[in-house]
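Chain by chain, the residues:
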Amino acid sequence: MQEHRARKRFGQNFLSSSGVIASIISAINPKPDDCMVEIGPGLGAMTVPLMDTLKHLHVVEIDRDLIARLKQNHRQDKLTIHEGDALEFDFGGLSEKNLRIVGNLPYNISTPILFHLSRFATQVRDMHFMLQKEVVDRMVAEPGSSEFGRLSVMLQYRYDMDRLFIVPPDAFVPAPKVDSAIVRMIPRPVEALTAKDEALFGDVVTAAFSQRRKMLRNTLKGIISETGLEALGIAPTARAETLAVSDYVRITNSLS
Ligand code: SAM
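The text that follows walks through the structure, step by step, so that each part is easy to find.

Calculation criteria
Residues numbered from 1 in each chain as written. Predicted model: local features only at pLDDT ≥ 70, side-chain atom pairs only at ≥ 80, totals over all residues. Heavy atoms only, no water. Phe/Tyr/Trp six-rings, centres within 6.5 Å; stacked < 30°, edge-to-face > 60°. Helix = DSSP H or I, 4+ residues; strand = E, 2+ residues; numbered from the N terminus. Buried < 20%, exposed > 50% of the residue type's maximum accessible area, 1.4 Å probe, protein only. Near = heavy atom within 4 Å. Polar contact = N/O pair within 3.5 Å; in protein donor to acceptor, adjacent residues only side chain to side chain. Areas by Shrake-Rupley, 256 points an atom, 1.4 Å probe, with all protein chains shown as cover. 1 Å grid on protein atoms, 1.4 Å probe; cavity = no way out; pocket = protein on both sides within 12 Å on 5 of 7 lines; lining within 4 Å. Sits in = over half its atoms within 2 Å of the grid points. Pairing = 2+ DSSP bridges. Right-handed = clockwise from strand over helix to strand, strands pointing away. Points joined across faces, edges and corners; volume = space filled by probe spheres on them. Nonpolar A, V, L, I, M, F, W, Y, C, P; charged D, E, K, R; others polar. Axes fitted to C-alpha atoms, helices over the stretch in contact; angles between N-to-C directions. Parallel < 35°, antiparallel > 145°, perpendicular 65-115°, else oblique. Left-handed = near helix turned anticlockwise from the far one by under 90°. Contact = heavy atoms within 4.5 Å. Core = buried A, V, L, I, M, F, W, Y, C linked by side-chain atoms within 4.5 Å.

Side note on the packing of aromatic side chains
- All chains considered together, the criterion is met by five aromatic pairs.
- Each ring, one from Phe148 and one from Phe209, has its centre 6.3 Å from the other, and the planes form 65°; the classification is edge-to-face. Of this pair, Phe148 sits in the loop between α5 (133-140) and α6 (150-158) while Phe209 sits in the loop between α7 (198-208) and α8 (216-219), and the two are 61 residues apart along the sequence.
- The buried category is assigned to Phe148, whose relative accessible area is 0%.
- Measuring from centroid to centroid gives 5.9 Å for Phe209 and Tyr248, while their planes differ by 35°, and the two rings are tilted. With a gap of 39 residues between them, Phe209 in the loop between α7 and α8 and Tyr248 in helix α10 (residues 245-255) connect regions that are remote in the sequence. Pair check on accessibility: Phe209 and Tyr248 agree, each one buried.
- Within the aromatic cluster, the residues linked to one another by ring pairs are Phe89, Phe91 and Phe120.

Below, the structure written as structure tokens:
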């Protein structure tokens, strides 16, 4: 078969380090009966070792050339190939609960895919992703740090997350310019999701971080008054990055 030329527009950096692949598979710890879906199987670096353990695997891939290869190399009863864009894929249709999602994600769509996947969180057991290290650092950042932003708040509300390990550029072909990292995301129990109106929660967080150098009394003007913030024990002069996720929930619930 012809060699595949990596396509930039699909964020293609293929894992080539067997040591790194083994560490990722060990972190995922697949069991034969798991219901698992891999986003962007590419040339199969993770797909093949996952299939060694799993009875069955779903994959979502957008690149037609790669889809043709996967079809040629794998039996359809072991591997279901969903052809198309993961950003439009209905992950909830794969399993009512306990779905496991994995992938070395295309970096150009990492944030939109994380937000898309949040919709299915109640049906998910866990997710393991390779992302740019800088994105993972923002996901797990603590309040008060310069990396703490909208992505941190929205994802920390929904998931418990751990950065597992860093992967250097030379683990891929072609090598990306930056370090990558593996993150584990486990949906928090529904009882922990206490925002009464999640759309409003998203609006509050977006507004607060719209100009991160400005004080909350300015960014949240029109949403909550200074007295409203003070009543919650939140200084109107504070900046978005100093508030905890629970503070954003409290602001939201004071409005709804
Ligand atoms: N899993 C392989 C590996 O680790 O070597 C490939 C990883 S590569 C970083 C990203 C993969 O996602 C590619 O196979 C690419 O074609 C696929 N991809 C890119 N955009 C996609 C999308 N919107 N939906 C589904 N797959 C996509």
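Description of the site of the ligand
- Neighbouring the ligand are 22 residues, the closest being Leu15, Gly40, Glu61, Asp85 and Asn104.
- One of the side-chain nitrogen or oxygen atoms of Glu38 is found 3.5 Å away from a nitrogen atom of the ligand.
- Between the ligand and Gly42 there is a distance of 3.3 Å, counted from an oxygen atom to a backbone nitrogen or oxygen.
- In isolation the ligand exposes 590 Å². Once the protein is present, 98% of that is buried.
- In this structure, the ligand is accommodated by the largest pocket.

Here we look at the pairing of strand β4 (residues 79-83)
- For strand β3 (residues 57-61) and β4, the ladder comprises five bridges, and the chain directions are parallel. Bridge pairing in β4 places Val59 opposite Ile81.
- Taken together, β3, helix α3 (residues 64-73) and β4 constitute a β-α-β crossover, and its handedness is right-handed.

Remarks on the layout of surface pockets
- In this structure, the largest pocket encloses a volume near 430 Å³.
- Phe10, Gly11, Gly40, Glu61 and Pro106 are the residues nearest the centre of the largest pocket, which is lined by 29 residues in total.
- Looking at the lining of the largest pocket, the elements that each hand over two or more residues are β1 (14-15), β2 (35-39) and β3.
- Partitioned by chemical class, the residues of the lining of the largest pocket number 16 nonpolar, nine polar and four charged.
- Estimated volume of the second largest pocket: approximately 310 Å³.
- Taken together, the residues of the lining of the second largest pocket break down into six nonpolar, five polar and three charged.

Quick notes on the packing of α5 against α6
- Interhelical geometry of α5 versus α6 gives an angle of 60° and a closest axis separation of 7 Å. Here α5 is positioned oblique relative to α6, judged by the angle of their axes. Helix-helix and strand crossings are classified by hand; for α5 and α6 the assignment is right-handed. Counting all contacts with α5, which are made through Val135, Arg138, Met139 and Val140, the residues of α6 involved are Leu151, Ser152, Leu155 and Gln156.

Thoughts on the nonpolar core
- With 29 residues, the main nonpolar core has Ile39, Phe91, Ile101, Phe129, Met139 and Met185 as its most contacted residues.
- Per-element accounting of this core gives the leading share, four residues, to strand β6 (residues 124-132).
- In contact with Ile39, other than residues within four places in its own chain, are Val60, Ala86, Phe91, Ile101, Val102, Gly103, Asn104, Leu105, Ile113, Leu117 and Phe129.
- Membership of the second largest hydrophobic core comes to 26 residues, among which are Met154, Tyr157, Ala207 and Ala240.

A word on α5
- Those residues of α5 lying buried are Val135, Val136, Asp137 and Met139.
- In this structure, the buried side of α5 is in contact with α4 (110-118), β6, α6, β7 (159-167) and β9 (180-187).

Regarding α7
- Among the residues of α7, those classed as buried are Phe201, Gly202, Val204, Val205, Ala207 and Ala208.
- At its buried positions, α7 is contacted by α6, α8 and α10.

Considering the environment of Gly92
- Mapped onto the elements, Gly92 comes out in the loop between β4 and β5 (99-104).
- On the basis of relative accessibility, which here comes to 16%, the residue Gly92 falls in the buried class.
- Along the chain, Gly92 and Ala121 lie 29 residues apart, while their C-alpha atoms are 8.7 Å from each other.
- Filtering out sequence-adjacent residues up to four positions away, Gly92 remains in contact with Phe120 and Gln123.

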